[in-house]
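These are the residues of each chain, in order.
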Amino acid sequence: VSVSPLPTVSITGTNALCSGQSINVSASGANTYTWSTNSNLSSISVAPTSNITYTLSGTSTAGCVSAAAASLVVTVNALPVVSITGTNALCSGQSINLTASGANTYTWSTNSNLSSISVAPTSNITYTLSGTSTAGCVSAAAASLAVTVNPLPTVSITGTNALCSGQSINLSASGANTYTWSTNSNLSSISVAPTSNITYTLSGTSTAGCVS
């Protein structure tokens, strides 16, 4: 009487992956195999959507079935969901801080890998961000923030630049939404009666809050 040993099967393969990925899992130790996926191949490709345990039994050339099934616990790591926090508008010449969240490490469209960056764009721009989790999974979709760069207003004064002592003249402002004169007036047009040579100055603020 010939007693044939039972095969001892084993599974080789990565025990963790990122959501949406697939891994190859290989069987060894027997002649033919049966997976918990119902496959009979010696190597299978799987793409689980949640944590799962794959089991395997094998049959030897003598027709003996493994006494114990091999198993492989596979962890499916979620992809990080990243976001950007920061002001989406600024005035020309200013800078803003943008902060990343939702992952372990980050990559900005500026090529920075910091979690917070300072930017001073000169024209309208969209910043994008991707992130990687501690498990090495990369965000499926990049976060984005469109930033508007508002121009500074260009103000001007219209009015006579000479008068006789005792007279008054009207000075008018243009080019902005609100104004501040060196006389402390905030009107768009002022009447002045200087008693000596003087220079009047004017600053203006746009509807976006940008100051000349």
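Here, the structure is the one placed above.
Please read these numbers as outputs of a predicted model, since none were measured by experiment.

Draft legend 1. How the structure looks around the overall build of the chain. For the chain, the helix and strand inventory stands at zero helices and 19 strands. Overall, the chain is about 135 × 25 × 20 Å in size when its C-alpha atoms are taken along their principal axes. Evaluated residue by residue, the chain yields a buried proportion of 30% over its 212 residues. Within the chain, counting contacts between residues at least 6 apart in sequence, those at least 24 apart form 47% of the total. Put simply, the chain shows about 12,200 Å² of open surface, and 48% of that area lies on carbon and sulfur atoms.

Draft legend 2. Up close: the environment of L202. Mapping L202 onto the fold places it in strand β19 (residues 202-205). Spatially, the C-alpha atoms of L202 and A173 are 7.6 Å apart, while their sequence positions differ by 29 residues. Those residues in contact with L202 that sit more than four places away from it in its chain are V155, S156, I157, A173, Y179, T180 and W181.

Draft legend 3. Quick peek at the environment of G58. With respect to the helices, strands and loops of the structure, G58 is situated in strand β6 (residues 52-59). The class of G58 is buried, set by a relative accessible area of 1%. Measuring from C-alpha to C-alpha, the distance between G58 and T8 comes to 7.7 Å, with 50 residues separating the pair along the chain. In this structure G58 touches P7, V9, A30, T32, Y33, C64, V65 and S66, once residues within four positions along its chain are discounted.

Draft legend 4. Geometry of the state of the cysteines. In the structure shown here, the tally under the stated rule is two disulfides. Across the disulfide, C18 is cross-linked to C137 (sulfur-sulfur distance 2.1 Å). Around the S-S axis, the bridge from C18 to C137 shows a dihedral of about -95° and counts as left-handed. Of this pair, C18 sits in strand β2 (residues 16-18) while C137 is found in the loop between β13 (125-132) and β14 (143-150), placing the two residues 119 residues apart along the sequence. Comparing C18 with C137 shows no difference in burial state: the two are buried. The disulfide partner of C91 is C210, and the gap between their sulfur atoms is 2.0 Å. Measuring the twist about the S-S bond at about -95°, one finds the C91-C210 disulfide to be left-handed. Remark: C210 occurs in the segment after β19 and C91 occurs in strand β9 (residues 89-91); sequence separation between them is 119 residues. The buried category is assigned to C91, whose relative accessible area is 8%.

Draft legend 5. Summary view of the pairing of β13. As paired strands, strand β11 (residues 105-108) and β13 are joined by four bridges and run antiparallel to one another. Across the sheet, the residue bridging to T107 is S130, located in β13. Looking at chain direction, β13 and β14 are connected through five bridges and run antiparallel. The residue bridging L129 from the neighbouring strand is A143, located in β14.

Draft legend 6. Looking closely at the sheet that holds strand β15 (residues 156-158). Read from one edge to the other, the open sheet built from three strands follows the order β15-β16-β18, with strand pairing classed as antiparallel. This sheet does not close on itself; its edge strands, each paired only once, are β15 and β18 (189-192). Going from strand to strand, the sheet's axes swing by 30° on average, the running direction of each strand aside. Note: strand β16 (residues 169-174) against β18, four bridges, orientation antiparallel. Looking at the pairing, S172 lines up with S189 of β18.

So, how was this worked out
Residues numbered from 1 in each chain as written. Predicted model: local features only at pLDDT ≥ 70, side-chain atom pairs only at ≥ 80, totals over all residues. Heavy atoms only, no water. Helix = DSSP H or I, 4+ residues; strand = E, 2+ residues; numbered from the N terminus. Buried < 20%, exposed > 50% of the residue type's maximum accessible area, 1.4 Å probe, protein only. Contact = heavy atoms within 4.5 Å. Areas by Shrake-Rupley, 256 points an atom, 1.4 Å probe, with all protein chains shown as cover. Disulfide = S-S within 2.5 Å. Pairing = 2+ DSSP bridges. Axes fitted to C-alpha atoms, helices over the stretch in contact; angles between N-to-C directions.

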